[in-house]
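# Secondary and tertiary structure notes
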Amino acid sequence: MGSGQLVTVFGAYGHTGRFVVAELAARGWVPVPSGRDAPALEELADGQGLDARVASVEDAASLDRALAGTAAVINCAGPFASTAGPVIEAALRAGIPYLDVAAELEANLDTFAHYSERARQAGAVIIPAMAFFGGLGDLLATAAMGDWTEADEAHIAYGLSSWHPTTGTRLSGAVSRRRRGANRLRYRGGQWEHLADAPPTLEWDFPEPMGPRAVIGEFTMADVVTVPQHLSIPDVTTYMTTEAVRDIAAPHTPAPIAAEDSGRSDQTFLVDVLVRSGGSERRATASGQDIYAVTAPLVTEALERVLTGRVKTRGLASAGEIFDASDFLHALAPHVALDLHPRKRTA
């Protein structure tokens, strides 16, 4: 548990940022809320005795002040295409670990492209997409691989009961669409492909009690960035239940509504991961409540492991590369119900 060390949370007053602040405090860390909206910061800090620090990605000096004297920074402020680079630069200047909860494909691709070598040279720790999208699927795929050193393909299917997007999710999606234009991205044969056609609608056989559901195939999420960074899998595909896709595509779908005192909504999720090699396959699943809320224990568990030295490498790394995936996943109880059950078949 935390030892009273300070941890900057950039974008602390956002929907996910508030969950992260609460989780850090519950684990014994001292959150330092930061961001550009001074009134929102003060509202969050009031009553908690927290040291709110106003900072903007356009002002490097303000970021340096926000990170001064802290043990690490967690970036919760989207769109990450705008915030990841400046906050990483500030973390490198401060000599502290950087973690973010980015789900944006382009932002994560940029982070790996621009900071891998610099992080290695500096001996820094940079972990992008340490969240429901990116981190959880990557950990599940790594755990499912077990002793395999390579596989032919990985499939990550998301069964969401609904998807009420936050303002940050909508802003990030708009930025991604502007950068991508009419194209969508797919990862095949170890390469990124830009496609102009519509993604296929398929059926995915989720474990019970969910069972078979219609999904949008090639609904490419952050896991398709993180998994190939460290696992030798040339084809990585993610899927999303059609109900969730309809929700997030509709302009008037409301933001998440709290269903309990913790702020969690009543949304449920099931993530089903399947890796195949030759005629064999292995599977791992995780289920829980509220994709935004569960990001907080994911990124906070990662932070704790980084600051206590429970890492397998340093530099810029995906969750499954830097942590013991199975041990990490089991540590998420009671937030996530886990089923790691390698299942093999003969073709």
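So, here is what we can say about the structure in this document. Here the structure is a predicted model, which means the values were calculated and not measured.

## Let's talk about helix 9 (residues 242–249)
Listed as buried for helix 9 are Thr242, Ala244 and Val245. Around the axis of helix 9, the buried residues are gathered within 160° of arc, so they sit on the same side. Against strand 7 (153–160), strand 10 (201–205), strand 11 (212–216) and strand 12 (235–241) lie the buried residues of helix 9.

## Points about the sheet that holds strand 4 (residues 72–75)
The strand order across the open sheet built from 7 strands is 3-2-1-4-5-6-15, with neighbouring strands paired in parallel fashion. Taken across any chain shown, the strands that pair with only one partner, and hence form the sheet edges, are strand 3 (53–54) and strand 15 (315–316). Strand direction decides the pairing type here: strand 5 (residues 98–100) and strand 6 (residues 125–127), joined by 2 bridges, are parallel. Residue leucine 99 lies in a different strand from strand 6, and its bridge partner there is isoleucine 127. Sheet strands in contact with helix 2 (residues 38–45) are strand 2 (30–35) and strand 3, and its direction is about 160° off that of strand 2. Of the strands in this sheet, strand 1 (6–10), strand 4, strand 5 and strand 6 touch helix 10 (residues 291–307), which is tilted by about 160° from strand 4.

## Some points on the pattern of salt bridges
Per the counting criterion, the structure on display carries 24 salt bridges. Between arginine 18 and glutamate 43 there is a salt bridge whose closest N-O contact spans 2.7 Å. Of the two residues, arginine 18 sits in helix 1 (residues 15–26) while glutamate 43 sits in helix 2, which places them 25 residues apart along the sequence. With a closest N to O distance of 3.0 Å, aspartate 197 and arginine 184 form a salt bridge. One end of the pair, aspartate 197, is in the loop between strand 9 (191–195) and strand 10; the other, arginine 184, is in strand 8 (residues 184–188), with 13 residues separating them in the sequence. The exposure class assigned to aspartate 197 is partly exposed, which follows from its relative accessible area of 46%. Several salt bridges share partner residues, and in doing so they unite Glu23, Arg27, Glu301, Glu304, Arg305, Arg310 and Asp327 into one network.

## Points about the packing of aromatic side chains
Considering all chains together, one arrives at 8 aromatic pairs under this definition. Ring centres of phenylalanine 132 and phenylalanine 133 lie 4.9 Å apart, and the angle between their planes is 80°; this geometry places the pair in the edge-to-face category. Residue classification places phenylalanine 132 among the buried positions, given a relative accessible area of 2%. A relative accessible area of 7% means that phenylalanine 133 is categorised as buried. Considering the side-chain rings of phenylalanine 323 and phenylalanine 328, the 5.1 Å spacing of their centres and the 35° angle between planes classify their relative orientation as tilted. Assigned by exposure class, phenylalanine 323 and phenylalanine 328 land together as buried.

Calculation rules
Residues numbered from 1 in each chain as written. Predicted model: local features only at pLDDT ≥ 70, side-chain atom pairs only at ≥ 80, totals over all residues. Heavy atoms only, no water. Buried < 20%, exposed > 50% of the residue type's maximum accessible area, 1.4 Å probe, protein only. Helix = DSSP H or I, 4+ residues; strand = E, 2+ residues; numbered from the N terminus. Arc of directions from axis to C-beta. Contact = heavy atoms within 4.5 Å. Pairing = 2+ DSSP bridges. Axes fitted to C-alpha atoms, helices over the stretch in contact; angles between N-to-C directions. Salt bridge = Lys/Arg side-chain N within 4 Å of Asp/Glu carboxyl O. Phe/Tyr/Trp six-rings, centres within 6.5 Å; stacked < 30°, edge-to-face > 60°.

Read these as layout, nothing more, since geometry by itself doesn't imply function.
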